[in-house]
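Residues per chain are reported as follows:
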Amino acid sequence: YPFLIESPRWLLSRDRGSRRARRVITKLRGLRNEHEVDIEVNHFISASHAQACDKHDDHTSSGMALMTMLKDKQIRRLLICSLVLQMAQQLSGINAVFYYSTMFFEGLIDNPLLGTTIVGGVNVLATYVALLLMENSNRRTLILWSAGGMFVSSIALVLCLLGYLTKIASLSF
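Residues numbered from 1 in each chain as written. Predicted model: local features only at pLDDT ≥ 70, side-chain atom pairs only at ≥ 80, totals over all residues. Heavy atoms only, no water.

### Description of the nonpolar core
So, step 1. Residues Leu11, Leu12, Ala21, Val24, Ile25, Leu31, Val37, Val41, Phe44 and Ile45 constitute the largest nonpolar core, which totals 10 residues.
So, step 2. For this core, the elements supplying multiple residues, two or more each, are helix 1 (8–14), helix 2 (19–29) and helix 3 (34–56).
So, step 3. Among the elements that line this core, the one with the most residues is helix 3, at 4 residues.
So, step 4. Setting aside residues no more than four positions away along its own chain, Leu11 makes contact with Glu6, Ser18, Arg20, Ala21 and Val24. (Core = buried A, V, L, I, M, F, W, Y, C linked by side-chain atoms within 4.5 Å. Buried < 20%, exposed > 50% of the residue type's maximum accessible area, 1.4 Å probe, protein only. Helix = DSSP H or I, 4+ residues; strand = E, 2+ residues; numbered from the N terminus. Contact = heavy atoms within 4.5 Å.)

Printed below as a string of structure tokens:
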């Protein structure tokens, strides 16, 4: 598998002095000097050590870990944000759009399969654009614009399915 590289954390768990782990860290993180790589290696090793200590602690359980995360204000905020983003993605109905897109296009265009292909292509292009934007833009701004776009698209989809926008949709094709 030439495109799949080993996890540096796994490599360091096998051998703390692994040169291969250092090369992978350099490649993944884009680090330029040895000092930065040493800092990353120390982070991986200390995280592995902390995880090993947690495994041996009898008082730690998943419920206790969740409570610990919820008590810490910064981690609680990150946890809630990640849960809300995942729920928004699922509740936005995009999976239904991809699954039933051929049915959505029946009666609107001559070849519904072409419409489904266009939807998939737009998804691939939008993902590529999003990856480029994430590197150069503020992620919070991107999330807010994306959430707004999901909201507007969901409203338009519901209105089309209820038949309120059929005349407008048929005029555009």
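After presenting the structure, the write-up continues.
### Notes on the pattern of salt bridges
Any two side chains of opposite charge can pair, on the condition that their charged atoms come close.
So, step 1. What the rule picks out here adds up to 3 salt bridges.
So, step 2. Glu34 is the partner of Arg22 in a salt bridge, and the nearest nitrogen-oxygen pair spans 3.6 Å. Residue Arg22 is located in helix 2, and its partner Glu34 is located in helix 3; the two are separated by 12 residues in the primary sequence.
So, step 3. Note on Glu34: relative accessible area 46%, which makes it partly exposed.
So, step 4. Glu40 is the salt-bridge partner of Arg29, the closest N and O atoms lying 3.1 Å from each other. Placement of the pair is Arg29 in helix 2 and Glu40 in helix 3, with a sequence separation of 11 residues.
So, step 5. A relative accessible area of 45% places Arg29 in the partly exposed class. (Salt bridge = Lys/Arg side-chain N within 4 Å of Asp/Glu carboxyl O.)

### Some words on the packing of helix 6 (residues 94–105) against helix 7 (residues 112–136)
When two helices pack together, their arrangement is captured by the angle between the axes and the distance separating the axes.
So, step 1. Packing of helix 6 against helix 7 leaves a shortest axis separation of 8 Å and a crossing angle of 140 degrees. When the axis of helix 6 is compared with that of helix 7, the two are oblique. With respect to the hand of their crossing, helix 6 and helix 7 are arranged in right-handed fashion. In this structure, helix 6 contributes Phe98, Ser101, Thr102 and Phe105 to the contact, and helix 7 contributes Pro112, Gly115, Thr116, Val119 and Asn123.
So, step 2. Along the lines of polarity and charge, the residues of the contact of helix 6 with helix 7 split into 4 nonpolar, 5 polar and no charged. (Axes fitted to C-alpha atoms, helices over the stretch in contact; angles between N-to-C directions. Parallel < 35°, antiparallel > 145°, perpendicular 65-115°, else oblique. Left-handed = near helix turned anticlockwise from the far one by under 90°. Nonpolar A, V, L, I, M, F, W, Y, C, P; charged D, E, K, R; others polar.)

### Considering the packing of aromatic side chains
So, step 1. Within the structure shown, the criterion is met by 1 aromatic pair.
So, step 2. Taking the centre distance of 4.7 Å and the plane angle of 85 degrees together, the rings of Tyr99 and Tyr100 count as edge-to-face. (Phe/Tyr/Trp six-rings, centres within 6.5 Å; stacked < 30°, edge-to-face > 60°.)

### Thoughts on the side chain of Arg22
So, step 1. At 2.5 Å, the side chain of Arg22 forms a polar contact with the side chain of Asp38.
So, step 2. Ignoring anything within four residues of it in the chain, the contact list for Arg22 reads Glu34, Val37, Asp38 and Val41. (Polar contact = N/O pair within 3.5 Å; in protein donor to acceptor, adjacent residues only side chain to side chain.)

### Some thoughts on a nonpolar patch on the surface
So, step 1. Among the surface-exposed residues, Leu66, Met67, Met69, Leu70 and Ile75 lie close enough to one another that they form a single nonpolar patch of about 380 Å² accessible area.
So, step 2. It is helix 4 (residues 62–71) that provides the largest number of residues to the nonpolar patch, a total of 4 residues.
So, step 3. Along the polypeptide, Leu70 turns up in helix 4. (Patch = residues over 30% accessible without salt bridge, like charges linked within 9 Å, V, L, I, M, F, W, Y side chains within 5 Å. Areas by Shrake-Rupley, 256 points an atom, 1.4 Å probe, with all protein chains shown as cover.)

### Here we look at helix 2
Three or four residues apart is the spacing at which side chains of an α-helix point the same way, because the helix has 3.6 residues per turn.
So, step 1. Those residues of helix 2 lying buried are Ala21, Arg22, Val24 and Ile25. Axial view of helix 2: buried residues confined to an arc of 160 degrees, hence all on one face. Turned more than 90 degrees off the buried face of helix 2, the exposed positions are Arg19, Arg23 and Lys27.
So, step 2. Among the residues of helix 2, the N-terminal cap falls to Ser18, whose side-chain oxygen and the backbone nitrogen of Arg20 are separated by 3.4 Å.
So, step 3. Following helix 2 by one or two positions, Gly30 has its phi on the positive side, about 70 degrees. (Arc of directions from axis to C-beta.)

### Notes on helix 8 (residues 139–162)
So, step 1. Here helix 8 is 24 residues long and its end C-alpha atoms lie 34 Å apart, about the 34 Å a rise of 1.5 Å per residue gives.
So, step 2. Directly beyond the C-terminal end of helix 8, a positive phi value near 95 degrees is found at Gly163. (Expected span 1.5 Å × (residues − 1).)

Worth remembering: the numbers are spatial, not functional.
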